[in-house]
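Okay, here's what each chain looks like letter by letter:
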Amino acid sequence: MELSVCMAAKVDEIDYAVLAEELGYARVWVADSPMLWSDCFTTMGLIAKSTSRIGIGTGVAVAGLRLAPVTAAAHATVNRLAPGRVFCGIGSGNTAMRILGRKPMSIARFDEYLTELRPLLDGEEATLRDGRTVLPTRHVMQDAGFVAFQPRMPMYVSAFGPKSMAVAARHGDGVVLGGVNRAEDVKTVWQLLTAVAQKTGRTLDRSTFRTTLLGTMVVLEPGEAVDSDRVKAECGAYAMAVVHYVYEQWRQYGQAPPDAFAGIWDDYSAMIARVPEERRHLRIHLGHNCWVEPEEERFLTKEVIEAGCIVGTAPQLAERLTAMSAAGLDEIMILPTLATKEKVLRDIAAKVAPLLPTPPEVR
């Protein structure tokens, strides 16, 4: 199991990535949501110039915000600064698109987009469709030193459901997961990935197809409650982001919320319903993965925290992560609350990492 960091792009806090490198984290995944945070590629470029070892990539880039050639060239620009350390995480835009009042990219279009993107990330020619027009494109001046498509940049596809996992299995070098908190969940993911990959004619090799979980962790002190004020301060923003996601799934697709949210659901839904419909998309994701809005603090129950976050004493966390690794999870990228992020990284590096088996070389 490799420990990595996901950071909300903040262009003047590059020292956070430097700290992650110093503490031994494998990668920094820079989140992409232009109407929430700083530009992810500007942030990645500054990280590239300020570090020497840590992997740098999008966590994840949003397909609907840019044409595939733009996404490829942006990654290749950073690869020029940090050759061999750059990777592309790519998704359909669960938050970044919805905060614009738009739905994430459809599965069919996402599949087509990745068909375009993968060869472009390799500096090769791809075919792009513009309405009824289909034309080839490639970076025609890549040999002049503007970008670097080598060393090869792996592409990891964000997938939270069966249809998107089929797309990830078809195109990706790995998959980015959410809501997978236990070894049993990882086993279920691999069963699903194996099944959908077979339908595409691909056999996934667990030694090379990478699985990464977006999540967060808090190291409990002996006897400390899961819903203590300190725990809420360190993982509350991520826990509420999970609530936001579940609400969007209910709002858009009619998916019933998990049982863990039963105690807050009516109150939370009523709070959001008071916002006019035409402005609701601007309210739902306030504080997203950075802080908890004051009126939402009451929703941070023990059940909500345990459903969205990995919380336990250092031995408990190590045991849980080791079991998840044995079930097929390669990496977890940790996304703490903004105000407590350095402390969370230090706690995990000092108390949990030494208890984990030595990870293999990054693929």
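Use the structure listed above.
Residues numbered from 1 in each chain as written. Predicted model: local features only at pLDDT ≥ 70, side-chain atom pairs only at ≥ 80, totals over all residues. Heavy atoms only, no water.

Draft legend 1. View of the packing of helix α7 (residues 229–253) against helix α8 (residues 262–273). As a packed pair, α7 and α8 sit with axes 12 Å apart at the nearest point and diverge in direction by 75°. Between α7 and α8, the angle falls in the class roughly perpendicular. The residues of α8 that touch α7, namely those facing Met-240, Val-243, His-244, Val-246, Tyr-247 and Trp-250, are Ile-264, Trp-265, Tyr-268, Ser-269 and Ile-272. Split by residue class, the contact of α7 with α8 holds nine nonpolar, two polar and no charged. (Axes fitted to C-alpha atoms, helices over the stretch in contact; angles between N-to-C directions. Helix = DSSP H or I, 4+ residues; strand = E, 2+ residues; numbered from the N terminus. Parallel < 35°, antiparallel > 145°, perpendicular 65-115°, else oblique. Contact = heavy atoms within 4.5 Å. Nonpolar A, V, L, I, M, F, W, Y, C, P; charged D, E, K, R; others polar.)

Draft legend 2. Focus on the pattern of salt bridges. Counted by the stated rule, this structure contains 29 salt bridges. For Arg-98, the salt bridge is made with Glu-248, and the minimal N-O distance between the two is 3.9 Å. Of this pair, Arg-98 sits in the loop between β5 (86–91) and α4 (107–121) while Glu-248 is found in helix α7, placing the two residues 150 residues apart along the sequence. Owing to a relative accessible area of 3%, Glu-248 belongs among the buried residues under this scheme. The closest approach of N and O atoms between Asp-267 and Arg-298, which form a salt bridge, is 2.9 Å. Of this pair, Asp-267 sits in helix α8 while Arg-298 sits in the loop between α9 (280–284) and α10 (302–308); the two residues are 31 residues apart in sequence, bridging distant segments of the chain. Its relative accessible area of 35% is what places Asp-267 among the partly exposed residues. (Salt bridge = Lys/Arg side-chain N within 4 Å of Asp/Glu carboxyl O. Buried < 20%, exposed > 50% of the residue type's maximum accessible area, 1.4 Å probe, protein only.)

Draft legend 3. Local environment of α8. Between its first and last C-alpha, α8 extends 17 Å over 12 residues, near the 16 Å set by a 1.5 Å rise per residue. Taken residue by residue, α8 has Ile-264, Trp-265, Tyr-268, Ser-269, Met-271 and Ile-272 as its buried positions. Down the axis of α8, the sector holding all buried residues measures 155°, keeping them to one side. Considering only its buried residues, α8 is in contact with α7, α9 and α10. (Expected span 1.5 Å × (residues − 1). Arc of directions from axis to C-beta.)

Draft legend 4. Quick peek at the packing of aromatic side chains. Counted under the stated rule, the structure contains 11 aromatic pairs. With a centroid separation of 5.9 Å and 40° between ring planes, the pair formed by Trp-29 and Tyr-156 is classed as tilted. Note that Trp-29 is positioned in strand β2 (residues 27–31) and Tyr-156 in strand β8 (residues 155–158), a separation of 127 residues in sequence. Here the two residues Trp-29 and Tyr-156 agree in accessibility, since each one is buried. Between the aromatic rings of Tyr-247 and Trp-265, the centroid separation amounts to 6.1 Å while the plane-to-plane angle is 45°, which identifies the pairing as tilted. One end of the pair, Tyr-247, is in helix α7; the other, Trp-265, is in helix α8, with 18 residues separating them in the sequence. One exposure class covers both Tyr-247 and Trp-265, and it is buried. Of the aromatic side chains, those joined through ring pairs into one cluster are Tyr-247, Trp-250, Trp-265, Tyr-268 and Phe-299. (Phe/Tyr/Trp six-rings, centres within 6.5 Å; stacked < 30°, edge-to-face > 60°.)

Draft legend 5. Seen up close, empty space enclosed by the protein. Within this structure, the stated rule accounts for one cavity of 30 Å³ or more. Here the largest cavity defines a volume of roughly 80 Å³. Lining the largest cavity are 13 residues; nearest its centre among them are Met-7, Ala-8, Tyr-16, Leu-338 and Lys-341. For the lining of the largest cavity, the leading source of residues is strand β1 (residues 2–8), giving three residues. (1 Å grid on protein atoms, 1.4 Å probe; cavity = no way out; pocket = protein on both sides within 12 Å on 5 of 7 lines; lining within 4 Å. Points joined across faces, edges and corners; volume = space filled by probe spheres on them.)

Draft legend 6. Main features of the pairing of strand β9 (residues 174–177). Of the two faces of β9, the one lined by Gly-174 and Val-176 and the one lined by Val-175 and Leu-177 are each fully buried. Strand direction decides the pairing type here: β8 and β9, joined by three bridges, are parallel. Bridge pairing in β9 places Val-157 opposite Val-175. Following the backbone out of β8, through helix α5 (residues 162–171) and into the adjacent parallel β9, one traces a crossover that is right-handed. Alignment of β9 against strand β10 (residues 210–215), held across four bridges, turns out to be parallel. Residue pairing in the sheet places Gly-174 in a bridge with Arg-210 of β10. (Pairing = 2+ DSSP bridges. Right-handed = clockwise from strand over helix to strand, strands pointing away.)

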